[in-house]
Amino acid sequence: MARRWYVIHTYSGYENKVKTNLEHRIQSMGMEDKIFEVRVPTETVTDLKAGGRKVTQEKKVFPGYILVQMELDDDSWYVVRNTPGVTGFVGSQGKPVALSREEFNRIARRTEPGVKARTSTDFNEGMAVKVTSGPFADFDGIISEVNLDKATVKVMVSIFGRETPVELSFDQVAKL
């Protein structure tokens, strides 16, 4: 039998608890030769908040899911399936389906230590904002573009009856 990675559905927010519970069950039931590793995939995310504040934290890549490397048979299925907090395996018609090597590698690359932090922000295209500082202070506009790398937004502002694109930093705008 081959070692394969399976996706396990858990109660959201209980991923780490389920990982701990499953690791204890593997030891107490002597399943180390069939269930090899349990992972809660996380990544580092830098949130850009209003005012230019950056908050970096670890976030779960797939809330409500964990990965388990195992040889699937009736015994290993039973141990995982009956772990407190586990709601089931991901698969079709109740049958667990293993991740392909490509899928697992894509997840592993995204969650490896040392991977550049992903950046996110509350701002998105089409959002109405008010300019809070600079020459366009107090103008209202609609975000037409968000640039996470430069921490800027392009806002369409109405000046003299014409829509004009203005590039502003995240700390120069506020949600309406």
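Refer to the structure printed above.
Here is a short report on the structure shown in this document. Remember, it's a predicted structure, so these values are computed and weren't measured experimentally.

**Focus on the sheet that holds strand 6 (residues 86-89)**
- If you walk across this open sheet you meet the four strands as 2-5-1-6, and the pairing is antiparallel. Among the strands making up the open sheet, the edge pair consists of strand 2 (35-39) and strand 6. Sheet twist, expressed as the mean angle between neighbouring strand axes with direction ignored, is 30°.
- Pairing between strand 2 and strand 5 (residues 65-70): four bridges, direction antiparallel. The residue bridging I35 from the neighbouring strand is M70, located in strand 5.
- Across the face of the sheet, helix 2 (residues 74-81) comes into contact with strand 1 (4-10), strand 2, strand 5 and strand 6 while running at roughly 145° to strand 6.

**Some details on the sheet that holds strand 11 (residues 140-147)**
- The strand order across the open sheet formed by five strands is 13-12-11-10-14, and the pairing between neighbours is antiparallel. Each of the sheet's edge strands pairs with one partner strand only, and the pair in question is strand 13 (162-169) and strand 14 (173-175). Going across the sheet, the axis of each strand differs from the next one's by a mean of 45°, ignoring polarity.
- Note that strand 11 and strand 12 (residues 152-159) share six bridges and pair antiparallel. The partner of G141 across the bridge, within strand 12, is V157.

**Details of the side chain of Q69**
- Note on placement: Q69 falls in strand 5.
- Residue classification places Q69 among the buried residues on the basis of a relative accessible area of 15%.
- Non-local contacts of Q69, meaning those with residues more than four positions away in its chain, are made with R3, R4, W5, K34, I35, F36 and E37.

**Considering helix 3 (residues 101-111)**
- Taken residue by residue, helix 3 has F104, I107 and A108 as its buried positions. For helix 3, the angular spread of buried residues about the axis comes to 100°, placing them on one side. Turned more than 90 degrees away from the buried face of helix 3, the exposed residues are E102, R106 and R109.
- Buried residues in helix 3 make contact with strand 1, strand 2 and strand 5.

Reading the values: rules and limits
- Residues numbered from 1 in each chain as written.
- Predicted model: local features only at pLDDT ≥ 70, side-chain atom pairs only at ≥ 80, totals over all residues.
- Heavy atoms only, no water.
- Pairing = 2+ DSSP bridges.
- Helix = DSSP H or I, 4+ residues; strand = E, 2+ residues; numbered from the N terminus.
- Axes fitted to C-alpha atoms, helices over the stretch in contact; angles between N-to-C directions.
- Contact = heavy atoms within 4.5 Å.
- Buried < 20%, exposed > 50% of the residue type's maximum accessible area, 1.4 Å probe, protein only.
- Arc of directions from axis to C-beta.

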